[in-house]
Amino acid sequence: MEQLNWYYPEDLSEAARLISDGNKAPHSGGTALIRRGFRGIQSIVDLSRLPMRNIEVRSENIEIGAMSTYNDIIQAFPATECDHVLVQSLLNSASTPLRNRITAGGSVAAFPAWSDFIGPLLLLNAEVELIGRGAGVYSIQDYLTQRELRAGSLITRIFMENYPHIGLHHRETRTQVDYPAFTITITAGRNRDVFQDLRIVVVGSKDRFHRMERLEDELDGKPVTHLNSINFEDFLVLDIPSRKHGSSEYLQHVAKTALTWMLMKIAGEKV
Amino acid sequence: MKTKLTVNGKLISVHFSPRDRLLDVLRKHGFTEVKEGCRDGECGACVVLLNGKLVNSCQVLAASAMDTEVTTVKGLSSESATPIQEAFVDSGAVQCGFCTPGMVLATYALLQENPKPDAGHIRQALDGNLCRCTGYVKIIEAVQLAALRTKHHG
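What counts and how
- Residues numbered from 1 in each chain as written.
- Chains lettered and ligands numbered in written order.
- Predicted model: local features only at pLDDT ≥ 70, side-chain atom pairs only at ≥ 80, totals over all residues.
- Heavy atoms only, no water.
- Helix = DSSP H or I, 4+ residues; strand = E, 2+ residues; numbered from the N terminus.
- Rg over C-alpha atoms; globule rule 2.2 N^0.38 Å.
- Buried < 20%, exposed > 50% of the residue type's maximum accessible area, 1.4 Å probe, protein only.
- Phe/Tyr/Trp six-rings, centres within 6.5 Å; stacked < 30°, edge-to-face > 60°.
- Pairing = 2+ DSSP bridges.
- pLDDT = per-residue confidence, 0-100.
- Axes fitted to C-alpha atoms, helices over the stretch in contact; angles between N-to-C directions.
- Contact = heavy atoms within 4.5 Å.
- Patch = residues over 30% accessible without salt bridge, like charges linked within 9 Å, V, L, I, M, F, W, Y side chains within 5 Å.
- Areas by Shrake-Rupley, 256 points an atom, 1.4 Å probe, with all protein chains shown as cover.
- Salt bridge = Lys/Arg side-chain N within 4 Å of Asp/Glu carboxyl O.

Engineer: What am I meant to see in the overall build of chain B here?
Structural biologist: Helix and strand content of chain B: five helices and five strands. Of the regular secondary structure in chain B, the N- to C-terminal order runs β-β-α-β-β-β-α-α-α-α. Over its C-alpha atoms chain B spans a radius of gyration of 15 Å, differing by no more than 12% from the 15 Å that the globule rule assigns to 154 residues. Within chain B, the fraction of its 154 residues that count as buried is 50%.

Structure below.
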């Protein structure tokens with residue numbers, strides 16, 4: 001068995017120095033690492049001693065330290081915001097003991113196919129702060145799509161917008177204890193007459209995530225009754241791969257049904 | 001690797017491999033009340049409190065648990081049964097007993113944060129603990145009884 005060395009940096013500069021060579025795996029909650037296995041990993045940098053667990057929920061923006069757990073994030077929101085899209089998605093994402101272990105930074109860095117966290121981050125225009133080789137602040141889209149940003153870098157904080165919204169998060173699973181085949185996340189302004197600032201993303205498509213900009217453009221600013229007059233087939237172009245949950249065709253049909261149901265829920269009783 | 005772990009309030013020396021999970025290290029050192037179930041973070045049989053937070057010990061690498069405090073179900077009380085354990089017995093919430101240590105710890109963690117949980121809170125708090133005997137109704141009743149008794153115990 002290959003040797004495995006653990007490092008325990010005490011501050012961010014030491015962590016950045018250790019991680020920048022690109023040969024060491026960061027360890028935050030460890031759940032993704034255990035699932036992935038240790039093949040090819042000879043060194044691990046444990047991040048538990050670093051000051052990265054602060055969370056600030058403000059009316060206009062949210063800041064999350066990378067070592068914050070899912071339950072830390074849920075508990076940082078006031079009880080009046082239990083329907084916030086981030087709270088909804090994280091509450092459904094894993095069991096209580098796992099939510100005490102899975103971290104925000106680890107989830108973004110690993111971006112497993114079953115992630116419930118990425119959808120809300122994409123809709124809230126999140127940015128990640130990196131230290132190490134790619135030090136800087138990047139949009140979540142850039143971080144997820146540019147592999148070179150990930151090697152030798154460490155996420156320290158995640159920033160995102162916050163605003164009053166109606167949020168819905170759907171995870172397609174066979175049972176409650178299951179990884180989703182895909183997730184759909186929607187946010188919209190709280191105006192029940194008109195679709196306002198509508199944002200829709202599907203995570204789990206063949207290109208990993210798919211922002212449904214054509215549908216957003218078609219509906220945004222229109223009365224909610226406009227839902228009755230559009231042909232969904234023209235807009236719901238989804239490419240979801242076959243998974244244990246079902247074939248690609250089946251999952252695409254389920255996704256379209258779920259999305260239609262979610263939009264009708266946002267529209268309320270008018271459609 | 002060699003380090004010291006605080007388990008149930010006592011500092012112990014442990015040896016383990018850099019890839020070992022906390023579950024295996026605890027069981028190897030005699031803490032067999034931490035049960036091995038799925039090893040996948042889904043059944044909750046292996047939960048412990050890590051610095052007071054409920055976690056699946058099968059999903060924790062032992063090397064990351066240095067300088068932490070681990071509490072197993074036996075650490076909740078050094079002598080007699082706790083009101084939670086008594087509530088499980090009195091409610092008939094123990095069948096084969098394999099899930100019970102995890103259920104009791106999950107209940108303890110819940111009541112620490114929310115002393116007056118409703119049935120929805122209880123279901124959510126126990127969402128990571130599976131009972132292979134499917135005795136969930138009695139388990140939820142036991143948590144409700146435990147909440148009542150814990151409140152009366154102050």
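Picking up where we left off.
Engineer: What is the right way to read the packing of aromatic side chains from this model?
Structural biologist: By convention here, two paired aromatic rings are described through the distance between centres and the angle between planes. All names here are of chain A. Enumeration over the complete set of coordinates arrives at three aromatic pairs over all chains. Their ring planes at 15° and their centres at 6.1 Å tell us that W6 and Y8 sit as a pair that is stacked. An angle of 40° between the planes, with centres 6.5 Å apart, marks the rings of F111 and F209 as tilted. You can see F111 sitting in the loop between helix 6 (104–110) and helix 7 (118–123) and its partner F209 sitting in strand 12 (residues 208–211), a full 98 residues away along the chain.

Engineer: Please clarify how the pairing of strand 10 (residues 183–188) of chain A should be interpreted in this entry.
Structural biologist: For a regular strand, the rule is simple: side chains alternate between the two faces of the sheet. All names here are of chain A. Judged by how many residues are buried, strand 10 sits mostly within the fold: six of six residues are covered. Pairing of strand 9 (residues 166–171) with strand 10 involves six bridges; the strand directions are antiparallel. Its bridge partner lying in strand 10, I166 is registered against A188. Taken together, the five bridges between strand 10 and strand 11 (residues 199–205) define a ladder with antiparallel strand orientation. What sits directly across from I184, in strand 11, is V202.

Engineer: Looking at this model, I keep getting lost on the confidence of the model for chain B. Mind explaining?
Structural biologist: The predicted coordinates should not be examined in detail at positions where pLDDT is low. Looking at chain B as a whole, its pLDDT mean stands at 94, while 98% of the residues score no less than 70. Interface confidence for the predicted complex, given as ipTM, is 0.95, next to a pTM of 0.94.

Engineer: I tried to follow the sheet that holds strand 10 of chain A on my own but got confused; where do I start?
Structural biologist: Picture the strands of a sheet paired through backbone hydrogen bonds; they go either parallel or antiparallel. All names here are of chain A. Within the open sheet, the four strands sit side by side as 9-10-11-12. Their pairing is antiparallel. Edge positions in the sheet fall to strand 9 and strand 12, since each has one partner strand and no second. Averaged over neighbouring strand pairs, the angle between their axes works out to 15° when direction is ignored. Relative to the sheet, helix 11 (residues 248–267) contacts strand 9, strand 10 and strand 11, its axis offset from that of strand 10 by approximately 20°.

Engineer: Just checking my understanding: could you explain a nonpolar patch on the surface for this structure?
Structural biologist: A contiguous nonpolar patch, built from A:V177, B:L130 and B:Y136 and spanning about 230 Å² of accessible area, is present on the exposed surface. Considering the arrangement of structural elements, one finds A:V177 in the loop between strand 9 and strand 10.

Engineer: Got a minute to help me understand the pattern of salt bridges in this structure?
Structural biologist: Oppositely charged side chains can form a pair if their charged atoms are brought close together. Scanning all chains against the criterion turns up 20 salt bridges over all chains. Among the salt bridges present, the one from A:R49 reaches B:D67, with a minimum N-O distance of 2.6 Å. Of this pair, A:R49 sits in the loop between strand 3 (43–46) and strand 4 (55–57) while B:D67 sits in the loop between strand 4 (53–56) and strand 5 (69–71), placing the two residues on different chains. Taking relative accessible area as the criterion, A:R49 reaches 25% and is therefore assigned partly exposed. The exposure class of B:D67 is exposed, given its relative accessible area of 64%. One salt bridge in this structure joins A:R199 and A:E161, with 3.0 Å as the shortest N-O distance. In this pair, A:R199 sits in strand 11 while A:E161 sits in strand 8 (residues 153–161), placing the two residues 38 residues apart along the sequence. Using a relative accessible area of 9% as the deciding quantity, one classes A:R199 as buried. A:E161 sits in the partly exposed class, given a relative accessible area of 27%. Taken together, the salt bridges that share partners define one network made up of A:E10, A:D46, A:R49 and B:D67.

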